[in-house]
Amino acid sequence: MRLTEASDLAVTLDRVAMWLRRQMPQTVSSSTITALDRLAVEGPLRVSDLASREGMTQPGVTLLVNRMAEAGYAERVADPTDRRAALVRITPAGRAALADRNAARAEVLRERLAGLSDEDQQMLAAALPALERVVGGATQNRKSGS
């Protein structure tokens, strides 16, 4: 892929993500959703690891984890490898919040995609495996019991 095509893809993916975000009321913050998604994909993490992976400060993630815990979306559990440390893991309520958001966004997207030709819909469907590989298979590698 040429640099201009990669640039066009980046801009288009950003526009799609922003469009989807604007289609729905924001009941859960973006930082909460991305942290919940990270925990769903990677499993329990230390606050410092979550901060590093999310590109946030440790104090910022501590506040975020406190808010997620208060909402029942995440919980702190003992780290089995270091009793002095704690891990943050997603709860069933956090998984439900993430699933509800994803389902609502999928419905909005489904309605918009219905207006496309069958050929356009097939091309988008054919691109999904490659896009999954770009992001590391995030939706195919969800941990079920984290």
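Residues numbered from 1 in each chain as written. Predicted model: local features only at pLDDT ≥ 70, side-chain atom pairs only at ≥ 80, totals over all residues. Heavy atoms only, no water.

### Topic: the overall build of the protein chain
Defined as follows: Strands are runs of DSSP state E lasting at least two residues, helices are runs of H or I lasting at least four, and both sets are numbered from the N terminus onward. Think of it in three bands: residues with accessible area under 20% of the maximum for their type are buried, residues over 50% are exposed, and the middle band is partly exposed, with areas taken using a 1.4 Å probe on protein chains only. Should any heavy atoms of two residues lie within 4.5 Å, those residues are counted as being in contact. All accessible areas in this document rest on Shrake-Rupley with a 1.4 Å probe, and a residue is counted as covered only by the protein chains that are shown. Asp and Glu count as negative and Lys and Arg as positive, but His and the ends of the chain are not part of the count. Just so you know, the charge point we use is NZ for Lys, CZ for Arg, CG for Asp and CD for Glu.
Along the protein chain, the regular secondary structure elements total six helices and two strands. Along the protein chain, from the amino end to the carboxyl end, the secondary structure elements read α-α-α-α-β-β-α-α. Dimensions of the protein chain, computed from C-alpha atoms along their principal axes, come out at roughly 55 × 35 × 25 Å. By the burial criterion, 25% of the 146 residues in the protein chain qualify as buried. In the protein chain, of all internal contacts separated by at least 6 residues, the share reaching a separation of at least 24 is 52%. Surface accessibility of the protein chain: about 9,700 Å² in total, with carbon and sulfur atoms responsible for 55%. If you average the places of the 20 positive and of the 18 negative side-chain charges in the protein chain, the two averages end up 6 Å apart.

### Structural notes on the pattern of salt bridges
Inclusion rule: Definition used for salt bridges: Asp or Glu carboxyl oxygen within 4 Å of a side-chain nitrogen of Lys or Arg.
One pass over the structure, following the stated rule, counts nine salt bridges. For the salt bridge of Glu 42 with Arg 38, the shortest nitrogen-to-oxygen distance reads 2.8 Å. Of this pair, Glu 42 and Arg 38 both sit in helix H2 (residues 30–42), four residues apart, which is roughly one turn of the helix. With a relative accessible area of 26%, Glu 42 lands in the partly exposed category.

### Comments concerning the pairing of strand E1 (residues 74–79)
Let me state the cut-off plainly: By the convention used here, strands pair only if DSSP detects at least 2 bridges between them.
Summarising the sheet, E1 and strand E2 (residues 82–90) pair through six bridges and their orientation is antiparallel. Paired with Ala 74 across the two strands is Ile 90, which belongs to E2. Counting the residues that bridge the hairpin from E1 to E2 gives two residues.

### Some details on helix H5 (residues 92–113)
Definition in use: A helix is expected to reach a length of 1.5 Å times the quantity of its residues less one. Of all possible arcs, the one meant is that of the directions from the helix axis to the C-beta atoms.
Over its 22 residues, H5 runs 30 Å from end to end, which matches the ideal 32 Å to within 8%, given 1.5 Å per residue. Buried within H5 are the following residues: Gly 94, Ala 97, Leu 98, Arg 105 and Val 108. In a view along the axis of H5, the buried residues occupy a sector of 95°, so they form one face of it. Facing away from the buried side of H5 by more than 90 degrees, the exposed set consists of Pro 92, Asp 100 and Glu 111. Taken together, the buried residues of H5 touch helix H1 (3–22), H2 and E2.

### Things to note about the nonpolar core
For soluble globular proteins, nonpolar side chains are generally found buried alongside one another. As a reminder, the rule being used: Here, nonpolar core refers to any group of buried Ala, Val, Leu, Ile, Met, Phe, Trp, Tyr and Cys residues whose side-chain atoms link them within 4.5 Å.
With 18 residues, the main nonpolar core has Leu 39, Val 65 and Met 68 as its most contacted residues. Only H2, helix H3 (47–54), helix H4 (58–71) and E2 provide two or more residues apiece to this core. Per-element tally for this core: the top contributor is H2, with five residues.

### Examining the side chain of Asp 79
Stated precisely, the cut-off is as follows: Residues adjacent in sequence count toward polar contacts only when both atoms are side-chain atoms; beyond that, a polar contact is any pair of N or O atoms within 3.5 Å, and within protein one must be able to donate a hydrogen and the other to accept it.
Along the chain, the position of Asp 79 falls in strand E1. A polar contact is formed between the side chain of Asp 79 and the side chain of Thr 81, at a distance of 2.7 Å. Here Asp 79 is in contact with Arg 46, Ala 85, Ala 86 and Leu 87, once residues within four sequence places are set aside.

### Overview of a nonpolar patch on the surface
Cut-off, in case you're wondering: Two joining distances apply to patches: 9 Å for like charges and 5 Å for nonpolar side chains (Val, Leu, Ile, Met, Phe, Trp, Tyr), and every residue must have over 30% relative accessible area and no salt bridge.
Together, Met 1, Leu 9, Leu 13, Leu 128 and Leu 131 line one region of the surface with nonpolar side chains, adding up to about 480 Å² of accessible area. Only H1 and helix H6 (118–134) provide two or more residues apiece to the nonpolar patch.

### Here's the deal with the confidence of the model for the protein chain
To be explicit about the condition: A score from 0 to 100, pLDDT tells how confident the predictor is in each residue.
Scored by pLDDT, the protein chain has a mean of 89; 93% of the residues are at 70 or more. Taking the mean pLDDT of every element in the protein chain, the minimum, 90, falls on H1 and the maximum, 96, on H4. Counting contacts from residues 139–146, a segment whose pLDDT is below 50, to residues more than four positions away or on other chains yields 20 contacts.

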